[in-house]
Amino acid sequence: MSKIELYDATLRDGMGGAGMSLTAQEKLRVVAKLDELGVGYIEAGFPSSNPKELELFGMLADQRLRHSQIVAFGMTRRRGTSATKDAGLAVLAGSFAPLCTLVGKSSVLHVEKVVRASRRENLAMIADSVAFLAGRGKRVFFDAEHFFDGFTLDADYALATLRAAAEAGAERLVLCDTNGGSLPGRVREVVAAVRDALPEVALGIHTHNDSGCAVANTLVAVEAGATQVQGTINGIGERTGNANLITIIADLQLKMGHRVLTAKQLARLTDTARLIDELLNRASDPSQPYVGRHAFAHKAGMHASGVRADPATFEHIAPEVVGNGTELLVSELSGRAAITEKAAAAGIAVAGDAGGETFVKRVLARVKELEHEGFQFDGADASFELLMRKEAGRYEPLFRLESWRVLVEQNAEGHVDTEATIKLWHDDQRYVLTAEGNGPVNALDRALRDAITEFYPGLTDVELIDYKVRLLETSHGTGTGAVTRVHIDSADGQSTWGTTGVGENVVAASWQALVDALEYKVQPGKAGARRAKATGSAKAGANGAGRAKTTGSAKAKATGSGRSRR
Ligand SMILES: [Zn+2]
């Protein structure tokens, strides 16, 4: 079985997705993570299309990578000039990157309608460009753009573009489904045909997910003879995204028997997927195959007890293999064993005696009660842990609340100001804090953290990464009169956790979820647990401008100075 190469395009193609943007520093963190994961090639973009890329390539030149090679990406020369006079190719030739991927046209439709070059000129553009870079000592990969559509229109011409690249020195011919509309049967057929026509050159596959088949198309291409797979972490990319390299890696290794990573590297898959989402400030898809938080979750009581008896009953792989874990969801359905297990995982001791039995009973009763009010603990693992801690007497409150209030004022021009005031007690001291924010939750978050980060410096790293509101229809009312359930996802760079709150007032429900998010982090044994003595050395910016997604710009003025001790 031939060795399959992994090629990551997150930093180039992935950035084409809506709202995708990373600083050069963040891109460097992605590169380090991909190197650790063991990806062979990392496409970093075009070396000087803008100052940001220039800075990135400057920093990449100094990086020592163990497993990965950096690839510079560019286009074949323009029509009507020579390769030696083409500005883009000169930039690629001058880049430190030992490898270049050149994208060129392989579909007659694009040659005639987009480039408006003759078919012969397009072949010369490909051959000249590849030969030029190979002559400057670069290894060259050729991305055949719109290959599958082009092959259908004119197979001979599509193959001629590949031959032109190969004869000029391209080491990989990458077949691209640029519009992403192909289906697996056709991809298999075309890759096999190319394999037969050009048996001496290694083939790559680059797919987009417009037909929902990007991963499937990649896998069948490998079955048909492609040995390089291209994709992006979590499938990010323009429109419906690129092929998801995370899923592809797991499928290749665990289902198809290709050894693309070591076992240790494979166990970093979940970590890698979550770090990229974290850097992009987007909530991870809980249902993502292999690495999602719910990927190995079991809800029904029968499933949960089956999994405990033998994981093979309801799990397609062992979650640890990809660095994920089993999540036993709590709900009215789930059994008592699931609660014992969750309590143990959280380090809450409940001995299997009568004491343990009453604990489980109390927790179940409480869950039932709260679910009736509209709470749902699926995905709100942190709120559930706090619930268990309260029942077990292992709960440490952050503070004692006296009151909070939020003022929202909009003037005639539409300008909105939000201000929150919190009155609370900590160690018999009373604190009154006022802060502004770009919304009620943000203002409450700021005021609360101004009050408590002095005692809990670990909370400065906590960011609110997602905030969702759901209206629940109840017997009391519907629409804006309904009960609301708020869900907040928080992260601190190492882990993410979910919390929830329910109430008739959306700000009050948000407050519950917000307090849970911070309290979870400071419980005994957790990273943010209380310092023995407050040192007041909290980092600058400790007023905790949480980048809450829903509140837009995080550039609110933080007054944060309304502290008074009485
Ligand atoms: Zn692409």
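This text gives an overview of the structure that appears in the document. Keep in mind it's a predicted model, so treat the numbers as computed, not measured. (Residues numbered from 1 in each chain as written. Predicted model: local features only at pLDDT ≥ 70, side-chain atom pairs only at ≥ 80, totals over all residues. Heavy atoms only, no water.)

Re the packing of aromatic side chains
Okay, step 1: One pass over the structure, following the stated rule, counts twelve aromatic pairs.
Okay, step 2: Relative to Phe148, the ring of Phe147 lies with its centre 6.0 Å away and its plane at 90°, an arrangement referred to as edge-to-face. Each member of the pair, Phe147 as well as Phe148, is classed as buried.
Okay, step 3: Ring pairing ties together the aromatic residues Tyr7, Tyr41 and Phe141, which thus form one cluster.
Okay, step 4: One cation-aromatic arrangement involves Arg119 over Tyr157; the distance from NZ or CZ to the ring centre is 5.6 Å.
Okay, step 5: Geometry around Tyr395 places Lys390 over its ring, the cationic atom sitting 5.0 Å from the centre. (Phe/Tyr/Trp six-rings, centres within 6.5 Å; stacked < 30°, edge-to-face > 60°. Buried < 20%, exposed > 50% of the residue type's maximum accessible area, 1.4 Å probe, protein only. Lys NZ or Arg CZ within 6 Å of the ring centre and 35° of its normal.)

Regarding the side chain of Thr272
Okay, step 1: Examined against the element boundaries, Thr272 turns out to sit in helix 12 (residues 269-279).
Okay, step 2: If sequence neighbours within four positions are ignored, Thr272 has contacts with Lys33, Leu37 and Ile233. (Helix = DSSP H or I, 4+ residues; strand = E, 2+ residues; numbered from the N terminus. Contact = heavy atoms within 4.5 Å.)

A word on the packing of helix 1 (residues 24-37) against helix 2 (residues 51-61)
Okay, step 1: Contact pair helix 1 / helix 2: the axes reach a minimum separation of 9 Å and the direction vectors enclose 40°. Our classification of the angle between helix 1 and helix 2 gives oblique. Crossing of helix 1 against helix 2: the hand is right-handed. Only Lys52, Glu53, Glu55, Leu56, Met59 and Leu60 of helix 2 make contact with helix 1, whose side of the interface consists of Ala24, Gln25, Lys27, Leu28 and Val31.
Okay, step 2: Considered class by class, the residues forming the contact of helix 1 with helix 2 number six nonpolar, one polar and four charged. (Axes fitted to C-alpha atoms, helices over the stretch in contact; angles between N-to-C directions. Parallel < 35°, antiparallel > 145°, perpendicular 65-115°, else oblique. Left-handed = near helix turned anticlockwise from the far one by under 90°. Nonpolar A, V, L, I, M, F, W, Y, C, P; charged D, E, K, R; others polar.)

A closer look at the coordination of the zinc ion
As a benchmark, a tetrahedral metal site with four donors has ideal angles of 109.5 degrees, while an octahedral site with six donors has ideal angles of 90 or 180 degrees.
Okay, step 1: In the first shell of the zinc ion, the protein supplies Asp13 (OD), His206 (NE2) and His208 (NE2), at 2.0 to 2.1 Å from the metal.
Okay, step 2: Donor residues binding the zinc ion come from one chain and are separated in sequence as D-x192-H-x1-H. Of the two residues, Asp13 is situated in the loop between strand 1 (5-8) and helix 1 and His206 in strand 7 (residues 202-207); the sequence distance between them amounts to 193 residues.
Okay, step 3: With relative accessibility at 5%, the residue His206 sits in the buried group. (Donors = N, O, S within 2.8 Å, 3.2 Å for Na, K, Ca; no water.)

Points about the pairing of strand 15 (residues 483-491)
Okay, step 1: Here strand 15 lies mainly inside the structure; nine of its nine residues are buried.
Okay, step 2: Here strand 15 shows no split at all, with Val483, Arg485, His487, Asp489 and Ala491 on one side and Thr484, Val486, Ile488 and Ser490 on the other all buried.
Okay, step 3: As defined by bridge partners, strand 14 (residues 463-472) adjoins strand 15 across nine bridges and the pair is classed as antiparallel. In the strand pairing of strand 15, Asp466 is matched with Asp489.
Okay, step 4: Where strand 15 and strand 16 (residues 496-503) come together, eight bridges link them in antiparallel fashion. Bridge pairing in strand 16 places Arg485 opposite Val502.
Okay, step 5: Linking strand 15 to strand 16, which pair antiparallel, is a turn of four residues; within it Gly493 sits at a positive phi near 90°. (Pairing = 2+ DSSP bridges.)

Quick word on the sheet that holds strand 16
Hydrogen bonding along the main chain pairs the strands of a sheet, whether they run parallel or antiparallel.
Okay, step 1: Read from one edge of the open sheet, three strands run 14-15-16, paired in antiparallel fashion. The strands lining the two open edges of the sheet, one partner per strand, are strand 14 and strand 16. Sheet twist, expressed as the mean angle between neighbouring strand axes with direction ignored, is 15°.

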